[in-house]
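# Structural description and commentary
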Number of protein chains: 2
Amino acid sequence: MPQTDGTPSAFDAATAVRRAEGGGLVADLGPGWDVGGGVLNGGYLLAVAARAAVLDSPHPHPVALSASYLRATAAGPAHLAVTPGPAGRTLAHSTVLLTGEAGPSIAAQVTTATLGSEPAEYTVNAAPEVPAPEDCVVTRTTGAGPAVGLVRRIDTRLDPATAGWTVGRFSDQRVLRSWIRLADGRDPDPLALLLFADALPPTAFAVGRTGWAPTVQLQVLVRALPAPGWCLVESRSTEVAGGWSDEECRIWDATGRLVAQARQLARVAR
Amino acid sequence: MPQTDGTPSAFDAATAVRRAEGGGLVADLGPGWDVGGGVLNGGYLLAVAARAAVLDSPHPHPVALSASYLRATAAGPAHLAVTPGPAGRTLAHSTVLLTGEAGPSIAAQVTTATLGSEPAEYTVNAAPEVPAPEDCVVTRTTGAGPAVGLVRRIDTRLDPATAGWTVGRFSDQRVLRSWIRLADGRDPDPLALLLFADALPPTAFAVGRTGWAPTVQLQVLVRALPAPGWCLVESRSTEVAGGWSDEECRIWDATGRLVAQARQLARVAR
């Protein structure tokens, strides 16, 4: 998806998967997609795995993806092993193992199909009321600290109602809402939604708890093709217990339509 | 987990995984755990896969599981291929492929760890108010029709507020709540929670839409060890669009504590 001015999108370049001589799939994990300390964002890695699954599928869109995060992964060359499952007229399954220089990085179950944008038959996912992006809070803090590549790749505008923590006013609710888009203006598609599903800071930031919360397993369901423009992301932790936290995520497109939902389990400090 | 009278639990017998000569893992998928037409329940199959993962892990409990459902699977002999990922002091990852007589059945990402039952540090998952099991609705309808083995294996008592459909009074909300336990009295544990996460009828039944809704992908997070006794399951569809439906599931134990959460994507008739 080139930009409207014809230049290639940084996201497309950084998630490109190509067939190497011998038939295997390879990628160059981009250095600018980290969440601090050189560790690449989990949603970014999932998008790379999804590209590999789509390359080997008769269907164009990732619709259901679940990944185990095996180790922190840095930029560099990677290869992708796609094990195809049954493929039918409606959908196809595969297992994707993404391996970086340090070893296996993520193992993912991926289902591909053809998504549309017809109206929902039933929904209880009305988009929350959030001020327009220009009236929201620009923050350059995300992930594990300030030295974070991801904040230059995505443009986020926090709902003021969930942005108190950026100025030291902490909430008792682990909820964040933010407009989000790729910083270079590339419009959203199912692959970008995978990135957006893990792009906000940990919801613990909202209550004044910072620190590393590595993703253990992340499921993303892509429910429809997003319209061009901003997406709205809501991330919510519902249960923190025994050193584990969930993060529930819903994403709406610019028309207010639900386009993705996700849940991850992360480790947290006790 | 034998029963209090010393007899073996039907669930434990039907999910048993053993090491065959040569070192591979095998199971005998039980005929009584179907949802109609001889098709085995997805939660039951996930429990078998989890047993295989635990057998090959240093950790005793499945905590995060995501499975792709590759084909409808019938009772009979099966083998399980466990591909271990990194294993550390806190958790271990593996990929499990369960293959039945007709071919690969489910492919699952499984994370194992040691669960506890300490109180939650943060929760917004208060158990819903539901009448006691003896004041709830016994129904023998589940899954795809009346000829269903699963209803003899589990004991369900529907919240009257979500049971109108059993007498032809349909709701406009796709929500079901039910007490649940194994019919032979075996107490819940993380493996039983995997069964319970996919044991209620499709939430479409609540609005008078019956029919087959095959699971495409199911994620279950086990959040704590359940107390003995009944569990309470709430299943909720939030979005039906383009021939796909989600089912959100939360499970509380007899003390009202959240012990599992799950989400599946299913195919539905348009």
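All values derive from a computational prediction rather than experimental measurement.

## Comments concerning the relation of the copies chain B and chain A
Mapping chain B onto chain A calls for a rotation angle of 180° and an axial translation of 0.0 Å; the resulting RMSD is 0.0 Å. Each copy turns onto its partner about a two-fold axis. Minimal C-alpha separation from the rotation axis in chain B is found for Ser66(B), amounting to 3.0 Å. Both copies present the same face, since 100% of the interface residues in chain B are matched by interface residues at the equivalent positions in chain A.

## Looking at the pattern of salt bridges
In this structure the tally under the stated criterion is 32 salt bridges over all chains. The partner of Glu234(A) in a salt bridge is Arg250(A), with the nearest N and O atoms 3.2 Å apart. Of this pair, Glu234(A) sits in strand 12 (residues 231-236) while Arg250(A) sits in strand 14 (residues 244-252), placing them 16 residues apart in sequence. Relative accessible area serves as the criterion here: at 25%, Arg250(A) is assigned to the partly exposed category. The salt bridge involving Asp56(B) is made with Arg19(B); its shortest N-O contact spans 2.9 Å. Pair noted here: Asp56(B) is in the loop between helix 2 (42-55) and strand 3 (61-69) and Arg19(B) is in strand 1 (residues 17-19), with a separation of 37 residues, a long-range link. The partly exposed category is assigned to Asp56(B), whose relative accessible area is 37%. Where salt bridges share partners, they join Asp159(A), Arg177(A), Glu234(A), Arg236(A) and Arg250(A) into one cluster.

## Some remarks on helix 2 of chain B
Residues and elements named next belong to chain B. If you check helix 2, its first and last C-alpha atoms are 20 Å apart, about what 14 residues at 1.5 Å a residue would give, namely 20 Å. The buried fraction of helix 2 amounts to 11 of the 14 residues, a majority that puts the element mostly inside the structure. Those residues of helix 2 that sit buried are Gly-42, Gly-43, Tyr-44, Leu-45, Leu-46, Ala-47, Val-48, Ala-49, Ala-50, Ala-52 and Ala-53. The N-cap residue of helix 2 is Asn-41: its side-chain oxygen and the backbone nitrogen of Gly-43 are 2.9 Å apart.

## Comments concerning the packing of aromatic side chains
Overall, the coordinates contain six aromatic pairs over all chains when judged by the stated rule. Put simply, the rings of Phe11(A), Trp33(A) and Tyr44(A) touch in pairs and so form one group of aromatic residues. Against the face of Tyr122(A) rests Arg174(B), its NZ or CZ located 5.1 Å from the ring centre.

## Some words on the environment of Val39(A)
Residue and element names in this part refer to chain A. If you trace the backbone, Val-39 turns up in the loop between strand 2 (25-29) and helix 2 (42-55). Along the primary structure Val-39 and Ser-235 are separated by 196 residues, whereas in three dimensions their C-alpha atoms are 21 Å apart. Ignoring sequence-local partners within four residues, the contact set of Val-39 consists of Asp-34, Ala-72, Thr-73 and Trp-212.

## Description of the UniProt feature "domain: Acyl-CoA thioesterase-like N-terminal HotDog" (unreviewed entry) in chain A
What UniProt calls "domain: Acyl-CoA thioesterase-like N-terminal HotDog" (unreviewed entry) maps, in this numbering, to residues 31-112 of chain A. Within the segment residues 31-112 of chain A, helix and strand shares are 17% and 50% respectively, and the terminal C-alpha atoms sit 27 Å apart.

## Digging into the interface of chain B and chain A
Across the boundary between the two partners, chain B contributes 54 residues, which contact 54 residues of chain A. Taken together, the two surfaces of chain B and chain A that pack against each other cover about 4,800 Å², and 49% of this comes from carbon and sulfur. The largest per-residue losses of area from chain B upon contact with chain A belong to Tyr122(B), Arg223(B) and Arg263(B), which jointly make up 17% of the total buried on that side. Along the contact surface separating chain B from chain A lie eight salt bridges. Ionic pairing is found between Arg174(B) and Glu121(A), a salt bridge with its closest N-O pair at 3.7 Å. The interface formed by chain B and chain A contains 37 residue pairs in polar contact (both at pLDDT 80 or more). Among the elements of the structure, strand 3, strand 5 (91-100), strand 6 (103-113), strand 7 (122-123), strand 11 (215-222), strand 13 (239-241), strand 14 (244-252) and strand 15 (258-267) of chain B are those that each provide at least two residues to the side of chain B that touches chain A. Of all the elements, strand 15 of chain B adds the most residues to the side of chain B that touches chain A, at seven residues. For the side of chain B that touches chain A, the per-class residue count stands at 22 nonpolar, 18 polar and 14 charged. Pairing between strand 7 (residues 122-123) of chain A and strand 13 of chain B: two bridges, direction antiparallel. Along strand 13 of chain B, the bridge assignment pairs Tyr122(A) with Val240(B).

Scoring rules and cut-offs
Residues numbered from 1 in each chain as written. Chains lettered and ligands numbered in written order. Predicted model: local features only at pLDDT ≥ 70, side-chain atom pairs only at ≥ 80, totals over all residues. Heavy atoms only, no water. Least-squares fit on C-alpha atoms with pLDDT ≥ 70 in both. Contact = heavy atoms within 4.5 Å. Salt bridge = Lys/Arg side-chain N within 4 Å of Asp/Glu carboxyl O. Helix = DSSP H or I, 4+ residues; strand = E, 2+ residues; numbered from the N terminus. Buried < 20%, exposed > 50% of the residue type's maximum accessible area, 1.4 Å probe, protein only. Expected span 1.5 Å × (residues − 1). Polar contact = N/O pair within 3.5 Å; in protein donor to acceptor, adjacent residues only side chain to side chain. Phe/Tyr/Trp six-rings, centres within 6.5 Å; stacked < 30°, edge-to-face > 60°. Lys NZ or Arg CZ within 6 Å of the ring centre and 35° of its normal. UniProt positions renumbered as here; feature names shortened; annotations may be inferred. Buried area = accessible area lost by both parts, 1.4 Å probe. Nonpolar A, V, L, I, M, F, W, Y, C, P; charged D, E, K, R; others polar. Pairing = 2+ DSSP bridges.

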